[in-house]
Amino acid sequence: MRPGRKIPARLLADARAQEGLVDKAQCDAVGLDKYAVGRLIRTGRWARAARCVYDTAPDPVERRRRDDYYDHVRRRAAWTGMLAVPDGIATGACALALYRVAGLPARLVPEVARPGGKDAAVGPAVVLRRYRSFPTVRYRGRSIASLASALVQGLPGLTRGERVAVLSSVLHKELLDTAALDTVAGMMRRRRGSVQALTAFPLVSALDESPAETAARLSCLDHGVPPDGQQVTFLLGDVFLARVDLAWRLPGGRYLVVEIDGRAFHTGRVMLADDSLRQNALTGTGRLIVLRYPAAQALAGGIGKDVAARLAGLSWTRGAPLPPSVDLAE
């Protein structure tokens, strides 16, 4: 390929479907030989992601700016593994990333298995798993572990918070139901790393709408103040006030509510103005105490101690769970 020639449209389409990555076979199929690929890499238009796998994006991964940056990086890891091993099956956390499950680590190591647990020569950028046979599904022309199998493979390698967030995300997105999660737990028993991983299952909540909310809830549980309700809607007669992340019932008909400000939903002047109006509506009733925490603080597990101290000062005691909707006019 001459230096000034455009990249074939077919190869660009492949790259778009694969988080910007292509492999040697795809390059060969459109007439890009190793010399043409070498020129693209030397001139900085492409970069080598793994052996025989090339990144067609012009910016290095760490400099990319996109709203789904961490999801992109995780999916890119999955594709790196699948492209580096021609018959590679995405497994564990990499497969979970392709299912769009939330709560995974920010960075993943590319990992794949081969059919039948076969060996393969892989470079240092990719981990080859030697699992016994497991169910797979097709994903954009490739094979990935079934969701249940990916959970069994991936959960032992995650932290406690990540495990609970992943399982809660699976329920919240309705990828599996509680009965299916029970089946997953059964599949995990007596496997390496299962003892710790299984402790996450009783802590799962389909009401967690983000990993930050999962972390906030777990932090409160760990400090002895489990929420009385999640995703509780507060009304004043026919007037909708807000739907809050976590809530506790206080003496005298009052409530403490916690809001987790996620970056994707609470940035920009318009959103900040909306949040202010919303908080004013809540506190204006005189019956709600509102605590707001940034997602980063929640993810660091840093809110439970503060919430527990506030509730102790407000004479909170554990009572009946709150209903999904509370009318302050009643």
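Residues numbered from 1 in each chain as written. Predicted model: local features only at pLDDT ≥ 70, side-chain atom pairs only at ≥ 80, totals over all residues. Heavy atoms only, no water.

Peer 1: Is there a simple way to think about the overall build of the protein chain in this case?
Peer 2: The helix and strand tally for the protein chain stands at 13 helices and 13 strands. Structurally, the protein chain occupies a C-alpha span of about 75 × 50 × 30 Å along its principal axes. In the protein chain, buried positions account for 47% of the 330 residues. Relative to all contacts within the protein chain whose residues are 6 or more apart in sequence, the contacts with residues 24 or more apart total 60%. Accessible surface for the protein chain amounts to roughly 16800 Å². Of this, 54% is attributable to carbon and sulfur atoms. (Helix = DSSP H or I, 4+ residues; strand = E, 2+ residues; numbered from the N terminus. Buried < 20%, exposed > 50% of the residue type's maximum accessible area, 1.4 Å probe, protein only. Contact = heavy atoms within 4.5 Å. Areas by Shrake-Rupley, 256 points an atom, 1.4 Å probe, with all protein chains shown as cover.)

Peer 1: Help me understand the layout of surface pockets in this model?
Peer 2: The gaps left among the atoms become clear once a water-sized probe is rolled over them. Space inside the second largest pocket adds up to approximately 480 Å³. R129, Y131, Q153, G154 and P156 are the residues nearest the centre of the second largest pocket, which is lined by 19 residues in total. Contributing elements (two or more residues each) for the lining of the second largest pocket: α5 (92–98), β6 (127–129) and α6 (147–154). For the lining of the second largest pocket, the element with the highest residue contribution is α6, accounting for 3 residues. When its residues are assigned to classes, the lining of the second largest pocket shows 10 nonpolar, 3 polar and 6 charged. (1 Å grid on protein atoms, 1.4 Å probe; cavity = no way out; pocket = protein on both sides within 12 Å on 5 of 7 lines; lining within 4 Å. Points joined across faces, edges and corners; volume = space filled by probe spheres on them. Nonpolar A, V, L, I, M, F, W, Y, C, P; charged D, E, K, R; others polar.)

Peer 1: Just to check I follow, could you spell out the pairing of strand β11 (residues 254–261) for this structure?
Peer 2: Each regular strand shows side chains that alternate between the opposite faces of the sheet. Among the 8 residues in β11, 6 count as buried, and that is most of the element. Note that strand β10 (residues 239–250) and β11 share 5 bridges and pair antiparallel. Within the sheet, the bridge partner assigned to A247 lies in β11 and is V257. Where β10 folds back on β11, the antiparallel hairpin that results is connected by 3 residues, among which G252 adopts a positive phi of roughly 75°. Sheet topology places β11 next to strand β12 (residues 288–294); 7 bridges connect them, and they run parallel. Bridge pairing in β12 places I260 opposite Y293. (Pairing = 2+ DSSP bridges.)

Peer 1: Honestly, the sheet that holds β12 in this entry has me stumped. Any pointers?
Peer 2: Working definition: the strands of a sheet are paired by backbone hydrogen bonds and lie parallel or antiparallel to each other. With respect to topology, 5 strands assemble into an open sheet ordered β12-β11-β10-β9-β13, the strand pairing being mixed. Two strands close off the open sheet at either side, each with one partner strand: β12 and β13 (325–327). Going across the sheet, the axis of each strand differs from the next one's by a mean of 45°, ignoring polarity. Of the strands in this sheet, β9 (229–236), β10 and β11 touch helix α10 (residues 211–222), which is tilted by about 35° from β10. Packing of helix α13 (residues 304–313) onto the sheet brings it into contact with β10, β11 and β12, and relative to β12 it is tilted by some 165°. (Axes fitted to C-alpha atoms, helices over the stretch in contact; angles between N-to-C directions.)

Peer 1: Where do I start with the packing of helix α7 (residues 160–172) against α10 in this structure?
Peer 2: Any two packed helices are characterised by how steeply their axes cross, that is the angle between the axes, and by the distance between the axes. Closest axis-to-axis distance for the α7/α10 pair is 9 Å, and the angle between their directions is 125°. Compared by their axis directions, α7 and α10 come out oblique. As for the relative orientation of α7 and α10, their crossing is right-handed in sense. Contacts between α7 and α10 involve R160, G161, V164, A165 and S168 on the former and, on the latter, P211, T214, R217, L218 and D222. Per-class residue counts for the contact of α7 with α10 are 4 nonpolar, 3 polar and 3 charged. (Parallel < 35°, antiparallel > 145°, perpendicular 65-115°, else oblique. Left-handed = near helix turned anticlockwise from the far one by under 90°.)

Peer 1: Is there a simple way to think about the pattern of salt bridges in this case?
Peer 2: Two side chains bearing opposite charge may form a pair once their charged atoms approach each other closely. This structure, assessed with the given rule, holds 16 salt bridges. Overlapping salt bridges, with partners in common, bring together E19, R66, D68 and R75 in one network. (Salt bridge = Lys/Arg side-chain N within 4 Å of Asp/Glu carboxyl O.)

Peer 1: Would you mind going over α6 with me for this structure?
Peer 2: Given 3.6 residues per helical turn, the α-helix brings residues three or four places apart onto the same face. Burial within α6 is extensive, with 7 of its 8 residues counted as buried. The set of residues buried in α6 consists of L147, S149, A150, L151, V152, Q153 and G154. As for α6, its buried residues are in contact with α5, β8 (142–145), α7 and α8 (178–188).

Peer 1: Can you walk me through the environment of G157 in this structure?
Peer 2: By the secondary structure assignment, G157 is in the loop between α6 and α7. Distance in space between the C-alpha atoms of G157 and P227 is 28 Å, their sequence separation being 70 residues.

Peer 1: Any chance you could explain the side chain of D245 here in plain terms?
Peer 2: Within the fold, D245 resides in strand β10. A residue is classified by how much of its surface remains accessible, and D245, at 8% relative accessible area, is buried. There is a polar contact of 2.7 Å between the side chain of D245 and the backbone nitrogen of I260. In contact with D245, other than residues within four places in its own chain, are E213, G229, Q230, Q231, V258, E259 and I260. (Polar contact = N/O pair within 3.5 Å; in protein donor to acceptor, adjacent residues only side chain to side chain.)

Peer 1: Mind showing me how you'd approach the packing of α6 against α8 here?
Peer 2: Running from amino to carboxyl end, α6 crosses α8 at an angle of 45°, the nearest separation of the two axes being 10 Å. Between α6 and α8, the crossing angle belongs to the class labelled oblique. In this structure, α6 crosses over α8, and the sense of that crossing is right-handed. Only L181, V184, M187 and M188 of α8 make contact with α6, whose side of the interface consists of A148, L151 and V152.

Peer 1: Help me out: how do you make sense of the nonpolar core in this one?
Peer 2: Residues L151 and L155 are the most contacted members of the largest nonpolar core, which totals 50 residues. At the level of secondary structure, the elements contributing two or more residues to this core comprise α4 (69–84), β4 (89–90), α5, β5 (111–113), β8, α6, α7 and α8. A per-element tally of this core places α5 first, with 6 residues. Ignoring any residue separated from it by four or fewer positions in sequence, one finds L151 in contact with L96, P156, V166, L167, V170, L176, L181 and V184. Residues L246, V258, L311 and W316 belong to the second largest nonpolar core, which totals 19 residues. (Core = buried A, V, L, I, M, F, W, Y, C linked by side-chain atoms within 4.5 Å.)

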